[in-house]
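Understanding the architecture of this molecule
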Amino acid sequence: WGLAGRAPRASPGEIAPMNPQDWGDGPLLYFGTFLYSVVSGLVPVVNVEVFLLAMAALKKGDPLAVILLTTAGQMTAKYVLYLSGRGLIKLPPGRVQGKIEKAKKALDEHPSGAGSVVLFSAVTGVPPFYGMSLAAGALAMPLWHFMGISTVGRLFRFSAVYFAPHLLRLAF
């Protein structure tokens, strides 16, 4: 690395080392954000919150666009899970049925209704929002109700995650 932390220039015919700080804020960044969010919504071990923290730390992209695309990607994935809960899309067999049963129980037993449980899950991840999405479909919660409540919850969650480092810096 050269002066000021910049990668050295490549000679003609040579490939310069890649420096993430040089990545642009163009369409590929936004498409990647959306795609990563969809994958993270379907594969629980892929963590979108860590991705958002990295985006905030690197100051990549417009914050509003990143938050909105993250929410849209996650909700696209949750729509697929909702449809799977309705039986319209078949997911690979495995632990999915157990997750549906646990989430159904939480939705059925909550005194203030399924909508409040879905909102709480969308914001906090407790109970896991993956299971809530499946259960909402299995219990035939109206799609507009599920998507509306969930989108608001996810938008709040991702905004909080993205801006948390900035707020902590201001506080200390």
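Below: a short report on this structure. (Residues numbered from 1 in each chain as written. Predicted model: local features only at pLDDT ≥ 70, side-chain atom pairs only at ≥ 80, totals over all residues. Heavy atoms only, no water.)

1. A few points about the overall build of the protein chain
- Of the regular secondary structure elements, the protein chain holds 7 helices and 0 strands.
- Listing every helix and strand of the protein chain by position from the N terminus yields α-α-α-α-α-α-α.
- In the protein chain, which comprises 172 residues, the share counted as buried stands at 33%.
- Sequence-distant contacts, at least 24 apart, represent 73% of the contacts inside the protein chain between residues at least 6 apart. (Helix = DSSP H or I, 4+ residues; strand = E, 2+ residues; numbered from the N terminus. Buried < 20%, exposed > 50% of the residue type's maximum accessible area, 1.4 Å probe, protein only. Contact = heavy atoms within 4.5 Å.)

2. Some words on helix α6 (residues 129-138)
- The buried count for α6 comes to 9 of 10 residues, which makes it a mostly enclosed element.
- For α6, every residue scored as buried is listed here: F129, Y130, G131, M132, S133, L134, A135, A136 and G137.
- Two residues or fewer past α6, A140 is found with a positive phi of approximately 60 degrees.

3. Some points on the pattern of salt bridges
- Scanning the entire structure with this criterion turns up 1 salt bridge.
- Linking R157 and E49 is a salt bridge whose minimum nitrogen-to-oxygen distance equals 2.7 Å. Highlighted residues: R157 in helix α7 (residues 143-171) and E49 in helix α2 (residues 48-58), separated in sequence by 108 residues.
- Overall, R157 belongs to the buried group, its relative accessible area being 17%. (Salt bridge = Lys/Arg side-chain N within 4 Å of Asp/Glu carboxyl O.)

4. Description of the packing of aromatic side chains
- Overall, the coordinates contain 4 aromatic pairs when judged by the stated rule.
- Arranged with centres 4.7 Å apart and planes meeting at 20 degrees, the rings of Y36 and F51 form a pair that is stacked. In this pair, Y36 sits in helix α1 (residues 27-42) while F51 sits in helix α2, placing the two residues 15 residues apart along the sequence.
- What links up through ring pairs into an aromatic cluster is the set Y82, F129 and F146. (Phe/Tyr/Trp six-rings, centres within 6.5 Å; stacked < 30°, edge-to-face > 60°.)

5. Looking at the packing of α2 against helix α3 (residues 63-85)
- At their nearest, the axes of α2 and α3 sit 11 Å apart, and the two run at 165 degrees to each other. Put simply, α2 runs roughly antiparallel to α3. Here α2 and α3 pass one another in a crossing that is right-handed. Of the residues in α3, those in contact with V48, L52 and M55 of α2 are V66, T70 and Q74.
- Class assignment for the residues of the contact of α2 with α3 results in 4 nonpolar, 2 polar and no charged. (Axes fitted to C-alpha atoms, helices over the stretch in contact; angles between N-to-C directions. Parallel < 35°, antiparallel > 145°, perpendicular 65-115°, else oblique. Left-handed = near helix turned anticlockwise from the far one by under 90°. Nonpolar A, V, L, I, M, F, W, Y, C, P; charged D, E, K, R; others polar.)

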